[in-house]
There are 2 protein chains.
Amino acid sequence: MKKPRRKKRVRRPQPRLPPGFRDYAGNEVRRRRRMLETIAGVFDRFGFEPLETPAVEYLDALGKFLPDVDRPNEGVFAWQDDGAWLSLRYDMTAPLARYAAQRRAVLPFPFRRYTFGTVWRNEKPGPGRFRQFTQCDADTVGSGTPAADAEMIVLAVQILEAIGIRRGRYLVRLNNRKLLDGLLERAGIAQQADEQQSDMQRGAVLRAVDKLDRLGRSGVKALLGTGRKDASGDFAKGAGLSAWQIDLIMEYLDATAGSGTDIVRRLQDLVGDSDAGATGISETEAVMELVRRQGVGPDRCIVDPTVVRGLGYYTGPVFEANLAAPQSGRQPSLGSIAGGGRYDGLVQRFTGQRMPATGISIGVDRLLEAHQELDETFEQPAAPVLVTVMDRHRLGDYQEMVAQLRDAGICAELFLGNARNFGRQLKYADARGCPLAVIQGENERQRGTVLIKDLVLGAMISETATAEEWKQRAWQHEVARPKLVSAVQELLSRAFS
Amino acid sequence: MKKPRRKKRVRRPQPRLPPGFRDYAGNEVRRRRRMLETIAGVFDRFGFEPLETPAVEYLDALGKFLPDVDRPNEGVFAWQDDGAWLSLRYDMTAPLARYAAQRRAVLPFPFRRYTFGTVWRNEKPGPGRFRQFTQCDADTVGSGTPAADAEMIVLAVQILEAIGIRRGRYLVRLNNRKLLDGLLERAGIAQQADEQQSDMQRGAVLRAVDKLDRLGRSGVKALLGTGRKDASGDFAKGAGLSAWQIDLIMEYLDATAGSGTDIVRRLQDLVGDSDAGATGISETEAVMELVRRQGVGPDRCIVDPTVVRGLGYYTGPVFEANLAAPQSGRQPSLGSIAGGGRYDGLVQRFTGQRMPATGISIGVDRLLEAHQELDETFEQPAAPVLVTVMDRHRLGDYQEMVAQLRDAGICAELFLGNARNFGRQLKYADARGCPLAVIQGENERQRGTVLIKDLVLGAMISETATAEEWKQRAWQHEVARPKLVSAVQELLSRAFS
């Protein structure tokens, strides 16, 4: 016999978010909005069309193109619905491939679209690692020309400068997956009999190369060989390459030193023998030339054969834009803020027909977090003028003042909290950063006036002003009620000039 | 023994969306973006702060406040993650309650926030019924004054007019849940011994009243009684009220006829005896007076005691804005485009402490779909100037032209498709709606010129122009290469003036 269950106490839910999720409030939101508007302006100018696909798709339509598949507990948020698996999108490219395949009969090709959207990754949450973030992408589907790839790099450059990142504060690094393919071919990794074994080793090598920034030469070398112990003491198994294979790959990584032509010449020696490598070199030269013709020189875009980009679906040119630290030296890079490349197989998954495509993704959240200078570009808007409540039976009068201010385009609000304590109203104005407070008590009402307090000046005076300044600058003004709007306008224009 | 499974053929995924989801493309997206920017401007002016909460929350934090719980197969999208239930948000109010409770020690109260966001409902999909849509909300948390409710109505009015809906094309209808409570009390439904039975009957009555628009008097009457058969032949069980109860409720519904003061007087007779009813009447009068003081008269906002609003959590004033059909008569309303009300219990769920709140929600998708006039207000931006490719070996030259046009702020692009067939390039320009095409073949190159084709004029001429016009208006211009940008500017300004 079952024990009778004890009646549960009614428990209150906890007001909290699941790990890996966060809120954005106030000027954080305004800054991001302004940034996205600016980016949209550049996309529009480049002739891209906006597209918004839904957050939820069939799991099989999205496919599995997640980066860094070696980490555990990672993937997508998915659930079953009427027998079918649905999933939250993990990037904006997989939904684009679905869209382009679905509409291939009616879209004008090359199809150029941009999109802003939320994506979700079911990663193990950790400090600074979020499971929801914003992606901002542009892609050209149905074009195989290097001009389409070059355009993506110029787009990145123009966007970074449009949102206020100065020249010299960022650098775009271009590579080509075919160069890496050529390298793997030369190292004898591509042609092994056991296909699965070959794929695994390929992946292990690319992931090791991708970690050059973080782990340095010795770390990469260990990962190419038997493996290495990381900071937490966990042992990461290596790719198991032999000494000559490792040497070849390290030589490739060292090709980054020197100028652009040097790099290409050295790559020619290293991988030019293989078909893939030769194509990779000629595509890289073509992209660099087209980028240059659009005014972007080696101070803003260089060839860097160590760039991998995590996503497995890239097939040709790949690039990454990094922020440089304000003080050069020490920390060379603040991480990738934009990147992309060519992926010729993604639409083919659906249609069986080859459909070349190339794209760019802007790391909006990272840009907003990493780049403090943006605060200057996307300054905060004015906080509201607060109309206070001196007499709770005259709400209509106060509300009328608010309405008149708003009609004149002034950001204004009525104090809607408990009006009994006037100090609390000024405290609220302070917390909101209100520049002015409007007051009409019984005396003012009888005189037909209102009192306007300059809260910014008031705070300044009480903290720092000399007695002389105190006398000279009025921070409280009594004006005739009909002059409320013009007096507020006058005071605001003074405060912000 | 199990049968050996047959090896599955590699199947291609279908490029399609789950039912109830859709894509938005091109000017649909631009129109919505312009609309949200306009709405944000009004919210800012009213002193609301933007907030963005994540799409995913703990299921128990969101609670179950879904509308219309009588429909089957309805609810939220939820799944288990590390043992806890996560869910996609179904509205923006439940996350706000979580946020306000979580930050109650640090937020300035009354807390005024607005938000734009995607919400998801796991409804049975059907024609025109979507499972993902955009919500656009403003709420004031921590204010019990009718001035906060009145402000929401004025906000609705100002937003509708800011996005181009003319006065007379919409109407806000105000009600108060306490009036409905008073009615239920008078009808003897609120005070039954069996609490669960009472709740169910209450819900059934409110849902019946809510259907007045759709089903008319007789339909509501049937639903209050034994029930009714709907168009599909399904029988909907009724609330099971007795004849006198039904008569009382129908009398209440008939109170809508006549002017504002008439309505209030009639409601006074009907529900003024009950405490809830009396409070409902005085709150309604206070809100109407404050709305009037902000310049919004009975041509834009009226009292309508039949307004219910689906969501279960409303506790005081509720309102709904409806679009009126362009030709009055016949179809009185195109459905609700904005609505909201007071909900004093939502934050209390977390904290145990009373926290009054009121809010508004704008039906962005419905507005964009229903209201064709918006097309005029949010007109489409210029399509790109297309630089064509006559010689595939001179991509750099063409790309340079594109870069110069873009640098001058002109929306421009290079044709990135297969350039062999020139006709295909012009067909692409046509599909994209390009106003101009730039051409430089070998002849032009030798002469140091470019050819600019006016595609709009070209199409017009070939379709409708007389021979006289054909002679007078040049639709193809050969200009010196250095004059490309100024010539394009000149032609564009002519085309759009």
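Residues numbered from 1 in each chain as written. Chains lettered and ligands numbered in written order. Predicted model: local features only at pLDDT ≥ 70, side-chain atom pairs only at ≥ 80, totals over all residues. Heavy atoms only, no water.

> Would you take a moment to explain the overall build of chain A for this structure?
When helices and strands are tallied, chain A shows 19 helices and 19 strands. Counting the 497 residues in chain A, one finds 54% classified as buried. For chain A, the proportion of contacts with a sequence separation of at least 24, taken over those separated by at least 6, is 68%. For chain A, the accessible area works out to roughly 23,000 Å², and carbon and sulfur atoms hold 48% of it. (Helix = DSSP H or I, 4+ residues; strand = E, 2+ residues; numbered from the N terminus. Buried < 20%, exposed > 50% of the residue type's maximum accessible area, 1.4 Å probe, protein only. Contact = heavy atoms within 4.5 Å. Areas by Shrake-Rupley, 256 points an atom, 1.4 Å probe, with all protein chains shown as cover.)

> Help me understand the relation of the copies chain B and chain A, please; the structure alone is not making it clear to me.
Between the two copies of this chain, the relationship is a rotation about some axis together with a displacement along it. Expressed as a screw transformation, the operator carrying chain B onto chain A has a rotation angle of 180 degrees and an axial translation of 0.0 Å, and the superposed copies differ by an RMSD of 0.1 Å. This pairing of chains is accounted for by a two-fold axis. Among all residues of chain B, the minimum C-alpha distance to the rotation axis is found for Trp79 of chain B, at 3.1 Å. (Least-squares fit on C-alpha atoms with pLDDT ≥ 70 in both.)

> What is the right way to read the pairing of strand S12 (residues 317-323) of chain A from this model?
On a regular strand, each side chain points to the face opposite its neighbour's, so the side chains alternate between the two faces of the sheet. All names here are of chain A. Burial analysis of S12 places seven of its seven residues in the buried class, which makes it a mostly covered element. Here S12 shows no split at all, with Pro317, Phe319, Ala321 and Leu323 on one side and Val318, Glu320 and Asn322 on the other all buried. Here strand S8 (residues 170-176) pairs with S12 via seven bridges, running antiparallel. Its bridge partner lying in S12, Arg173 is registered against Glu320. Bridge count for S12 against strand S13 (residues 336-342) is five bridges, and the pairing is antiparallel. The residue of S13 that forms the bridge with Ala321 is Ala338. (Pairing = 2+ DSSP bridges.)

> Teacher, can you tell me more about the environment of Ala412 of chain B here?
Residue position: Ala412 of chain B is located in strand S16 (residues 412-414). Residues Ala412 of chain B and Leu436 of chain B, 24 residues apart in the sequence, show an inter-C-alpha distance of 9.5 Å. For Ala412 of chain B, the contacting residues outside a window of four places in its chain are Arg45, Phe46 and Gly47 of chain A together with Pro384, Val385, Val402, Leu405 and Arg406 of chain B.

> Is there a simple way to explain the packing of helix H1 (residues 27-45) of chain B against helix H4 (residues 146-162) of chain B in this structure?
For any two helices packed against each other, one specifies the inter-axial angle together with the distance between the axes. Residues and elements named next belong to chain B. In the contact formed by H1 and H4, the axes pass within 9 Å of each other and the chain directions differ by 145 degrees. Between H1 and H4 lies a crossing whose hand is right-handed. Note on element contacts: H4 touches H1 through Leu155, Gln158, Ile159 and Ala162, opposite Thr38, Ile39, Val42, Phe43 and Arg45. (Axes fitted to C-alpha atoms, helices over the stretch in contact; angles between N-to-C directions. Left-handed = near helix turned anticlockwise from the far one by under 90°.)

> What exactly am I supposed to notice about unusual backbone geometry here?
What you tend to see is this: most non-glycine residues have negative phi, and most peptide bonds are trans. Between Phe109 of chain A and Pro110 of chain A the backbone carries a cis peptide bond, its omega angle lying at -5 degrees. Structurally, Pro110 of chain A is set in the loop between helix H3 (93-102) and strand S6 (111-120).

> Sorry, what's going on with the pattern of salt bridges here?
Should their charged atoms come close, side chains of opposite charge can pair. Residues and elements named next belong to chain A. Applying the stated rule across the entire model yields 71 salt bridges over all chains. We note a salt bridge from Glu57 to Arg98, for which the minimum N-O separation is 2.9 Å. Remark: Arg98 occurs in helix H3 and Glu57 occurs in strand S3 (residues 56-58); sequence separation between them is 41 residues. According to the relative accessible area criterion, Arg98 is buried, its value standing at 0%. (Salt bridge = Lys/Arg side-chain N within 4 Å of Asp/Glu carboxyl O.)

> What am I meant to see in the sheet that holds strand S4 (residues 78-81) of chain B here?
The strands that make up a sheet pair up through hydrogen bonds in the backbone, lying either parallel or antiparallel. All names here are of chain B. Taken together, three strands build an open sheet; the order of strands is S3-S5-S4 and the sheet is antiparallel. Edge strands, defined here as strands with exactly one partner in the open sheet, are strand S3 (56-58) and S4. Looking at each pair of strands side by side, their axes are set apart by 35 degrees on average, direction ignored. Sheet topology places S3 next to strand S5 (residues 84-88); three bridges connect them, and they run antiparallel. Within S5, the position partnered with Val56 by the bridge is Leu88.

> Please explain the interface of chain B and chain A as it appears in this structure.
Put simply, an interface is often sized by how much accessible area is lost when its parts join up. Taken together, the contact between chain B and chain A spans 95 residues of the former and 95 residues of the latter. Where chain B abuts chain A, roughly 8,100 Å² becomes buried across the two surfaces, and 55% of that area is made up of carbon and sulfur atoms. When the buried surface of chain B facing chain A is broken down by residue, Arg293, Arg406 and Leu416 of chain B rank first, second and third, together holding 9% of it. The interface formed by chain B and chain A holds 24 salt bridges in total. Here Arg406 of chain A ties to Glu151 of chain B by a salt bridge, and the two come within 2.5 Å at their closest N and O atoms. Along the contact surface separating chain B from chain A lie 44 residue pairs in polar contact (both at pLDDT 80 or more). The residue inventory of the side of chain B that touches chain A, partitioned by class, reads 47 nonpolar, 20 polar and 28 charged. As judged from the two bridges shared by strand S2 (residues 49-52) of chain A and strand S1 (residues 24-25) of chain B, these two strands associate in the antiparallel manner. Of the residues in S1 of chain B, the one forming a bridge with Glu52 of chain A is Tyr24 of chain B. (Buried area = accessible area lost by both parts, 1.4 Å probe. Polar contact = N/O pair within 3.5 Å; in protein donor to acceptor, adjacent residues only side chain to side chain. Nonpolar A, V, L, I, M, F, W, Y, C, P; charged D, E, K, R; others polar.)

> I tried to follow helix H6 (residues 195-210) of chain B on my own but got confused; where do I start?
Side chains that are three or four residues apart share a direction in an α-helix, a result of its 3.6 residues per turn. Between the first and last C-alpha of H6 of chain B there are 22 Å, a value that for 16 residues agrees with the 22 Å anticipated at 1.5 Å per step. Taken residue by residue, H6 of chain B has Ser198, Gln201, Gly203, Ala204, Val205, Leu206, Ala208 and Val209 of chain B as its buried positions. (Expected span 1.5 Å × (residues − 1).)

> Would you explain the environment of Pro435 of chain B in this entry?
All names here are of chain B. With respect to the element layout, Pro435 can be found in the loop between helix H15 (422-432) and strand S17 (436-439). C-alpha of Pro435 to C-alpha of Met35: the two residues are 400 residues apart in sequence and 26 Å apart in space. In this structure, Pro435 is in contact with Ala383, Pro384, Val385, Lys453, Asp454, Leu455, Val456 and Leu492, ignoring residues within four places of it in sequence.

> Can you walk me through the packing of aromatic side chains in this structure?
Remark: the centre distance and the inter-plane angle together describe each pair of aromatic rings, the angle taken between the planes. All names here are of chain B. Following the criterion strictly, the structure yields 20 aromatic pairs over all chains and no others. Judged by centre distance (6.1 Å) and plane angle (35 degrees), the rings of Phe21 and Phe77 are tilted. With Phe21 in the segment before S1 and Phe77 in the loop between helix H2 (59-62) and S4, this residue pair connects regions lying 56 residues apart in the sequence. The burial state of Phe21 is the same as that of Phe77; both residues are buried. (Phe/Tyr/Trp six-rings, centres within 6.5 Å; stacked < 30°, edge-to-face > 60°.)

> Mind showing me how you'd approach helix H8 (residues 243-254) of chain A here?
Its twelve residues give H8 of chain A an end-to-end C-alpha distance of 16 Å, which sits within 8% of 16 Å, the value for a rise of 1.5 Å per residue. If you check which residues of H8 of chain A are buried, you get Gln245, Ile246, Leu248, Ile249, Met250, Tyr252 and Leu253 of chain A.

> When you look at the side chain of Thr358 of chain B in this model, what are you seeing that I'm missing?
Residue and element names in this part refer to chain B. Relative to the assigned elements, Thr358 resides in strand S14 (residues 357-362). For Thr358, the side chain forms a polar contact with the side chain of Asp149, separated by 2.6 Å. The residues contacting Thr358, other than those within four sequence positions of it, are Ala138, Asp139, Thr140, Ala148, Asp149, Met152, Gly341, Arg342 and Tyr343.

> I keep staring at the confidence of the model for chain A and nothing clicks. Help me out?
A low pLDDT means the predicted coordinates there should not be read in detail. All names here are of chain A. Overall, the prediction assigns chain A a mean pLDDT of 85, with 86% of residues at 70 or greater. Scored below 50 in pLDDT, residues 67-73 shows 14 contacts in the model against residues more than four places distant or in partner chains. In this model residues 327-332 is a low-confidence stretch, pLDDT under 50, and it forms four contacts with partners more than four residues away in sequence or in other chains. The complex prediction reports pTM at 0.86, with the ipTM value standing at 0.85. (pLDDT = per-residue confidence, 0-100.)

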